Amino acid sequence: MTNVVMPQMGESIAEGTIVRWIKKVGDSIDRDEPLFEISTDKVDAEIPSPAAGVLTEIKVKEGETVAVNSVVATIGMAGEVRTKGEVSEPPVPEAAVGQAESPATPSAPVDAAGDVEEPAADTAEGLRRQKSSPLVRKIAHEHKVDLSQVHGTGLSGRVTKQDILGYIQLGKSGPRPAAPPPGPTYKPGEHVHVVPMSVMRKKIAEHMVLSARTSPHVYSVYEVNFSRVSMLRDRKKAEYEAGGAKLTYTAFIAKVAIDALRQFPIVNATLDGDNIVYKKDINLGIAVALDNGLIVPVIKNADEKNLLGLTRAINDLANRARTKKLNPEEVQSGTFTITNPGIFGALYGMPLINQPQVAILGVGSIDKRAVVIDDAIAIRPVCHITLGHDHRLVDGADAGRFLSFVKERLENFDEAWM
Amino acid sequence: MTRIIEVHRLGVVPYGEALEIQKHLVELRKANEIPDQLLLLEHPPVITLGVKTRNDRSHVVASAETLDEEGVEVFESGRGGDVTYHGPGQLVGYPIMDLRPDRCDVHRYVRDLEEVLIRVAAAFGVAGGRSSGLTGVWVGDEKLAAIGVRIARWVTSHGFALNVSTNLAHFNLIVPCGIADKGVTSLERLTKRSVAMDEVAGVTADAFASFFDRSPVQPALPPLLESHR
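Predicted, not measured: the structure shown is a model, and the values here were computed from it.

**Some words on the overall build of chain A**
Piece 1. Along the backbone of chain A there are eight helices and 18 strands.
Piece 2. Sorting the 418 residues of chain A into buried and exposed places 45% on the buried side.
Piece 3. Here the contacts in chain A between residues at least 6 apart in sequence split such that 60% fall between residues at least 24 apart.

Here is the structure:
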């Protein structure tokens, strides 16, 4: 019997995904005849059979990803086909789907020539340890760090120099928990309905994890009296509508936020290594909720538009975002983002920054509340606005100045700006 | 001794035909009956799905009617990668090359293709680069060239697509390579002048041959290819 292993198609490749089995269990096969197709990165490869015989068992299903050198199938003599119930080795658990972290094979794999592979190469984890650069391993050794405990952001999850240094840095400030507990593994049908993530969902997930990891987020929340904005909106609504624009509170907030970004360029900046990059353009992103995700279309050079222009741009981008008609460049190059959790009734939100920006403005719901004005209680429309900011660059004082400016301008919105 | 690479400039070839031509050449190359090949061509407008997406068209955002209106075909290909768009003004390169004995590393091959295209872009004054984790050649957040490769017994097929003067609006029909938040660009857009496809093809052939250390020859089309023209 010959074990067929996931081949290593390159030095930097730690795992592969089986995209198609060309042969079925029970098919006879010649040595070098194409047996299956794998996919790594942007490359698909057809893998020939290492031996002649009959395909007796397929251990890794189409769509599954396993570490290099994991056994994916066995080739035996005719009549050796295994049926369910007489499997001598534990089958690959369902949980191996897409989780290269779990050992793909219970036993040390043997390649066609009968050589026993190093057990450490059995898992992506082991490979990562092995394949980290000598410098990283040296640093790990010097600091007595177990590389398998370090989250790798390099190729195939490899631990980079930044990862290890970051880990050591963190370690100084407090104890690290042991390896995270393995995530839950679900089989379809066990009281659950399992659905693969859409690409947009995955992108959002990646981006949000990146953001949470990258920026130390700090939040300030301000209460804003919307009486004047509300009054102006009611007064001008019809006029705008005649011009084909639906005047929303978002347009007022956008206008004032843009002025604030002009005033406080640090909020419109980004970090590049040890440099602070001040963006001369103000490209305003507006988060738009979609059925199963969200997208952030960007109004380029938003500071060149008046309130009507902004209103039109917001209407247009939001509509086209919902109908998936945005041009790719219209979701790029944002320098600051506004998001509106208030639409759904939230008092205020704590949004994550849209990287590589350094701040995001969250707009809460606008509700009538009892407020104290000149020692009297009055009923006013009130909105809570939140600035989530990257404390690496934007301090609380900056955020305070920014939000005070926004509050002041909204509460005293000048009709001339319309 | 430097290996030979035969460079074929095929003009505009429908995607299906180019697939057939590649299939033939791959078989011939595997059997060592021909030297390495580089096909340079353009496709009529077509959306192609990689192996990963052949059963999932969610990255083709345009409706069937829109695709019809725009005269865009949809094709399943055997290459790696997600969905992509090809069309006039895009230089498509299909190297049919044996990576043995010294280049048996699929990642290295993809990185090498990127390097060749970065050099081509540089020849036109465009500073292309790589984007960590994303294959292709990028200028800022925008993709200038896409890469998708197939390898069978270390013989390559499929390859790269470099936007020279592509109608970039056609990329709106898809989510290129499944990456929703990045855009596309072209040499023309970046250089703000018109760039001749012929010139780019010439520069690409030279850059490719020199990088992969092959001497380029431009023979007449072999009969097999001819039968597909």
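**Some thoughts on the overall build of chain B**
Piece 1. If you tally the helices and strands in chain B, you get six helices and 12 strands.
Piece 2. Expressed as a percentage of its 229 residues, the buried residues of chain B come to 60%.
Piece 3. In chain B, of all internal contacts separated by at least 6 residues, the share reaching a separation of at least 24 is 78%.
Piece 4. Working note: accessible area of chain B is about 8800 Å², and carbon and sulfur atoms make up 50% of it.

**Some words on a negative patch on the surface**
Piece 1. A surface patch of negative charge is lined by Glu65(B), Asp68(B), Glu69(B) and Glu70(B).
Piece 2. Topologically, Glu69(B) is positioned in helix H2 (residues 64-70).

**As for the sheet that holds strand S6 (residues 53-58) of chain A**
Residues and elements named next belong to chain A.
Piece 1. With respect to topology, four strands assemble into an open sheet ordered S1-S8-S6-S3, the strand pairing being antiparallel. The outermost strands of the open sheet, each flanked by one partner alone, are strand S1 (2-5) and strand S3 (28-29).
Piece 2. In terms of strand pairing, S1 meets strand S8 (residues 71-76) through four bridges, oriented antiparallel. Paired with Asn-3 across the two strands is Thr-74, which belongs to S8.

**Remarks on helix H1 (residues 15-30) of chain B**
All names here are of chain B.
Piece 1. In this model H1 runs 22 Å from its N-terminal to its C-terminal C-alpha over 16 residues, within 8% of the 22 Å that 1.5 Å per residue would give.
Piece 2. Regarding H1, the residues found buried are Tyr-15, Ala-18, Ile-21, Gln-22, Leu-25, Val-26, Leu-28 and Arg-29. Each buried residue of H1 lies within a common arc of 165° when the element is viewed along its axis, so the set occupies one face.
Piece 3. A positive backbone phi angle near 60° is found at Asn-32, which sits one or two residues after H1.

**Side note on unusual backbone geometry**
Piece 1. Each neighbour pair has its own omega, and for Gln355(A) with Pro356(A) the value is 0°, a cis peptide bond.
Piece 2. Among the structural elements, Pro356(A) can be located in the loop between strand S16 (336-339) and strand S17 (359-373).
Piece 3. In this chain, Arg100(B) is followed by Pro101(B) through a cis amide linkage whose omega measures 0°.
Piece 4. For Arg153(B), which is not glycine, the phi dihedral falls at a positive 45°.
Piece 5. Position of Arg153(B) among the secondary structure elements: in the loop between strand S9 (142-152) and strand S10 (155-163).
Piece 6. Of note in this structure, Trp154(B) is not a glycine but carries a positive phi near 65°.
Piece 7. Counting through the fold element by element, Trp154(B) comes out in the loop between S9 and S10.

**Structural notes on the pattern of salt bridges**
All names here are of chain A.
Piece 1. Under the definition given, this model contains 31 salt bridges over all chains.
Piece 2. Among the ionic pairs, Arg-20 bridges to Glu-37, the shortest N-O distance being 3.0 Å. In this pair, Arg-20 is assigned in strand S2 (residues 15-21) and Glu-37 in strand S4 (residues 34-40), connecting sequence segments 17 residues apart.
Piece 3. Here Arg-20 falls in the partly exposed class, since its relative accessible area comes to 31%.

**A closer look at the packing of helix H3 (residues 106-123) of chain B against helix H5 (residues 197-211) of chain B**
Residues and elements named next belong to chain B.
Piece 1. One can describe the packing of H3 onto H5 by two numbers: an axis separation of 9 Å at closest approach and a directional angle of 135°. With respect to their mutual orientation, H3 and H5 come out oblique. Classified by chirality, the crossing of H5 by H3 is right-handed. In this structure, H3 contributes Asp-112, Leu-113, Glu-115, Val-116, Arg-119, Val-120 and Ala-123 to the contact, and H5 contributes Val-200, Val-203, Thr-204, Ala-207, Phe-208 and Phe-211.
Piece 2. Along the lines of polarity and charge, the residues of the contact of H3 with H5 split into nine nonpolar, one polar and three charged.

**A look at the nonpolar core**
Piece 1. By size, the foremost hydrophobic cluster in this structure holds 60 residues, and its most contacted members are Val72(A), Leu162(B) and Leu187(B).
Piece 2. The leading source of residues in this core is H3(B), at nine residues.
Piece 3. Not counting residues within four places of it along the chain, the set of residues in contact with Leu162(B) comprises Gly89(B), Gln90(B), Leu91(B), Leu117(B), Val120(B), Leu144(B), Ala145(B), Leu187(B), Val200(B) and Thr204(B).
Piece 4. Membership of the second largest hydrophobic core comes to 55 residues, among which are Ala251(A), Ile253(A), Leu307(A) and Leu393(A).

**A short note on the sheet that holds S16(A)**
Residues and elements named next belong to chain A.
Piece 1. Sheet architecture is open: six strands sit in the order S9-S18-S17-S16-S12-S15, paired in mixed fashion. The sheet is open, and its two borders are formed by strand S9 (217-225) and strand S15 (298-299), each paired with just one other strand.
Piece 2. Where S17 meets strand S18 (residues 376-390), 13 bridges bridge the pair, whose relative direction is antiparallel. Paired with Ile-366 across the strands is Cys-383, a residue of S18.

Rules used in this analysis
Residues numbered from 1 in each chain as written. Chains lettered and ligands numbered in written order. Predicted model: local features only at pLDDT ≥ 70, side-chain atom pairs only at ≥ 80, totals over all residues. Heavy atoms only, no water. Helix = DSSP H or I, 4+ residues; strand = E, 2+ residues; numbered from the N terminus. Buried < 20%, exposed > 50% of the residue type's maximum accessible area, 1.4 Å probe, protein only. Contact = heavy atoms within 4.5 Å. Areas by Shrake-Rupley, 256 points an atom, 1.4 Å probe, with all protein chains shown as cover. Patch = residues over 30% accessible without salt bridge, like charges linked within 9 Å, V, L, I, M, F, W, Y side chains within 5 Å. Salt bridge = Lys/Arg side-chain N within 4 Å of Asp/Glu carboxyl O. Lys, Arg positive; Asp, Glu negative; His and termini not counted. Charge placed at Lys NZ, Arg CZ, Asp CG, Glu CD. Pairing = 2+ DSSP bridges. Expected span 1.5 Å × (residues − 1). Arc of directions from axis to C-beta. Axes fitted to C-alpha atoms, helices over the stretch in contact; angles between N-to-C directions. Parallel < 35°, antiparallel > 145°, perpendicular 65-115°, else oblique. Left-handed = near helix turned anticlockwise from the far one by under 90°. Nonpolar A, V, L, I, M, F, W, Y, C, P; charged D, E, K, R; others polar. Core = buried A, V, L, I, M, F, W, Y, C linked by side-chain atoms within 4.5 Å.

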